[in-house]
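Now for the letters of each chain:
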Amino acid sequence: MTKRRVVVTGMGIVSPVGNDLATAWKNVVDGNSGIGPVTAFDATAYATRIAGEVRDFDPVDAYFAGTDTPDDERRSIAKDFKRMDPFIHYGIVAGTHAFRASGLVVTEENAGRIGVAAGAGIGGLHTIEATAIELAEKGPRKVSPFYVPSSIINMVAGNLSIYHGMKGPNIALVSACTTAAHNIGMAMRLIQYGDADAMLAGGAEFATTPTAMAGFCSAKAMSTRNDDPIHASRPWDVGRDGFLLSNGAGMLMLEEYEFAKARGANILAEIVGFGMSGDAYHITAPSGDGAELAMRNALHDAGLNASDVQYVNAHGTSTPVGDLGEAKAIRSVFGDHATRKGSFAVSSTKSVTGHLLGAAGGVEAIFSILALRDGIMPPTMNLEEVDPEVAALGMDLVPNKAEEAKIDVVFSNSFGFGGTNGTLAFRRV
């Protein structure tokens, strides 16, 4: 069976650097950090007291932004939103923006061919924590009947399906920090092999909660540069000391090429490759072997040569082990092509966004597509002194300032706890 072509026709974002595409992209290109002190709870006793929170966000206002909506519909959505964890708000808003931007209209005839694939790495911890406290203090009868649907991971996909009448495949893959990338890749597969003609796909996360922050602090996984938040996330820098936890969502509207073309859709990019792998090691593997396999699988799936790729948006979390392993993997996959400045570069937008866990792959897919659109490689900020082992690989890491380049193909990498890896490949159309 010949695989059908899949294209991107809409994008939506909620993030620490902005809650619309134009704002978020400008901040990423200009190197403006979204990291600051935690405000979601009192983090005074925590080793890490900084994070990438979503700011200036009212979910109801954001959902209806740019629309002329009757008051009764607005009241209905506001009532629904009161019963949802913040990660669901983020996913619904980003997904709705992507759907509306695409111009796709769901009808009785096509509803069964349009679906949703959206997950979260952790899900409704905010609601789970609050409910556990309420249970302990007041007993089981005081637990809300909406507790489960307000916190389970599949309700981003579920609510998007409900609100927009999408009756096609409705799934929520969960694979830690690779969640959004895997949902996008599997949505692509569903379209390629005829299970759907269009899919909303990506991920969402609200993880700056007391237990999540405490867990990552105990694991010593996060940066403790509390007095200098905007310089705390520093991928590949010799002084990197861990990632920064962030919140938000990134969603793409994917469509089969002929389906999109027939309705005159504005095609932003083609998604041409998807690679997965498992480290089969520990929580994360220092070697980068799994990352290398995922990228090689994406190249194979796309029918591309290493020399066809000009830019890699790296997972690049700012951890000592992970950054080095990924850099070695990229150098291995792309060989000498990886050292040709002007023809190939790698950067990590997590240097300004922090790490959005299950939403990271969606947000970074968006930045990869915008890099393709504008011919701009966003910078790796705070890269003052490159780790000598990384520097020896000879790659352009786009330090501290965006670079213009002719870009035809981009890769977006996402790797997660448990050794789960995903790579997406996008091409100019």
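Residues numbered from 1 in each chain as written. Predicted model: local features only at pLDDT ≥ 70, side-chain atom pairs only at ≥ 80, totals over all residues. Heavy atoms only, no water.

Enquirer: I would appreciate a short explanation of the sheet that holds strand S14 (residues 420-427) in the present structure.
Expert: Spatially, the ten strands line up as an open sheet ordered S5-S4-S6-S7-S1-S8-S14-S13-S9-S10, and their pairing is mixed. The two strands at the open ends of the sheet, each matched to only one other strand, are strand S5 (170-171) and strand S10 (345-347). In this structure, strand S1 (residues 6-14) lies alongside strand S8 (residues 269-278), joined through two bridges in antiparallel fashion. Bridging across to S8, Val-7 finds its partner in Glu-270. Against the sheet, helix H4 (residues 86-102) contacts S1, strand S6 (198-205) and strand S7 (248-256), and its axis sits at roughly 135 degrees relative to S1. (Pairing = 2+ DSSP bridges. Helix = DSSP H or I, 4+ residues; strand = E, 2+ residues; numbered from the N terminus. Contact = heavy atoms within 4.5 Å. Axes fitted to C-alpha atoms, helices over the stretch in contact; angles between N-to-C directions.)

Enquirer: So what exactly am I meant to see when it comes to H4 here?
Expert: Spacing of three or four residues puts side chains on the same side of an α-helix, whose turn is 3.6 residues. End to end, H4 covers 24 Å across 17 residues, agreeing with the expected 24 Å (1.5 Å per residue, within 8%). For H4, the N-terminal capping position is held by Asp-85, with its side-chain oxygen 3.1 Å away from the main-chain nitrogen of Phe-87. Gly-103 lies just past H4 and shows a positive phi near 75 degrees. (Expected span 1.5 Å × (residues − 1). Polar contact = N/O pair within 3.5 Å; in protein donor to acceptor, adjacent residues only side chain to side chain.)

Enquirer: Which parts of the structure should I look at to understand the environment of Ile-152?
Expert: Take Ile-152: it is sitting in the loop between helix H5 (125-138) and helix H6 (155-164). Classification of Ile-152 as partly exposed rests on a relative accessible area of 35%. On a C-alpha basis, the gap between Ile-152 and Asn-305 in space is 41 Å, while along the polypeptide they are 153 residues apart. Not counting residues up to four positions away in its chain, the partners in contact with Ile-152 are Phe-87 and Ile-88. (Buried < 20%, exposed > 50% of the residue type's maximum accessible area, 1.4 Å probe, protein only.)

Enquirer: Can you walk me through the nonpolar core in this structure?
Expert: The nonpolar side chains of a soluble globular protein tend to be buried with one another. Counting residues in each nonpolar core, the largest one holds 46 residues, and the members touching the most others are Leu-252, Leu-254, Phe-367 and Phe-426. At the level of secondary structure, the elements contributing two or more residues to this core comprise S1, helix H1 (21-30), helix H7 (179-192), S6, S7, S8, helix H13 (360-374) and S14. When residues of this core are assigned to their parent elements, the largest contribution, nine residues, is made by H13. Non-local contacts of Phe-367, meaning those with residues more than four positions away in its chain, are made with Ile-13, Val-17, Ala-24, Trp-25, Val-28, Asn-313, Thr-349 and Thr-353. (Core = buried A, V, L, I, M, F, W, Y, C linked by side-chain atoms within 4.5 Å.)

Enquirer: Just to check I follow, could you spell out the side chain of Ser-175 for this structure?
Expert: Relative to the helices and strands, Ser-175 is located in the loop between S5 and H7. Among the polar contacts made by the side chain of Ser-175, one reaches the side chain of His-182 at a distance of 2.7 Å. For Ser-175, the contacting residues outside a window of four places in its chain are His-182 and Thr-420.

Enquirer: What is the right way to read the confidence of the model for the protein chain from this model?
Expert: It should be kept in mind that the predicted coordinates are not to be read in detail where pLDDT is low. The share of residues in the protein chain with pLDDT of 70 or more is 98%, and the mean pLDDT across the chain is 97. When pLDDT is averaged over each helix and strand of the protein chain, the minimum, 93, is found for helix H3 (residues 71-81) and the maximum, 99, for S7. (pLDDT = per-residue confidence, 0-100.)

Enquirer: It is not clear to me how the pattern of salt bridges should be interpreted in this structure. Could you clarify?
Expert: If you walk through the whole model with that rule in mind, you get 22 salt bridges. Measuring nitrogen to oxygen at the nearest pair gives 3.2 Å for the salt bridge that ties Arg-189 to Asp-301. Taken together, the residues Arg-189 in helix H7 and Asp-301 in helix H10 (residues 289-302) connect sequence positions 112 residues apart. Note on Arg-189: relative accessible area 22%, which makes it partly exposed. For Asp-301, a relative accessible area of 17% translates into the label buried. Measuring nitrogen to oxygen at the nearest pair gives 3.5 Å for the salt bridge that ties Asp-323 to Arg-240. Linking Asp-323 in helix H11 (residues 320-334) with Arg-240 in the loop between helix H8 (210-218) and S7, this pair joins segments that are 83 residues apart in sequence. By the burial criterion, Asp-323 is buried, and Arg-240 matches it. (Salt bridge = Lys/Arg side-chain N within 4 Å of Asp/Glu carboxyl O.)

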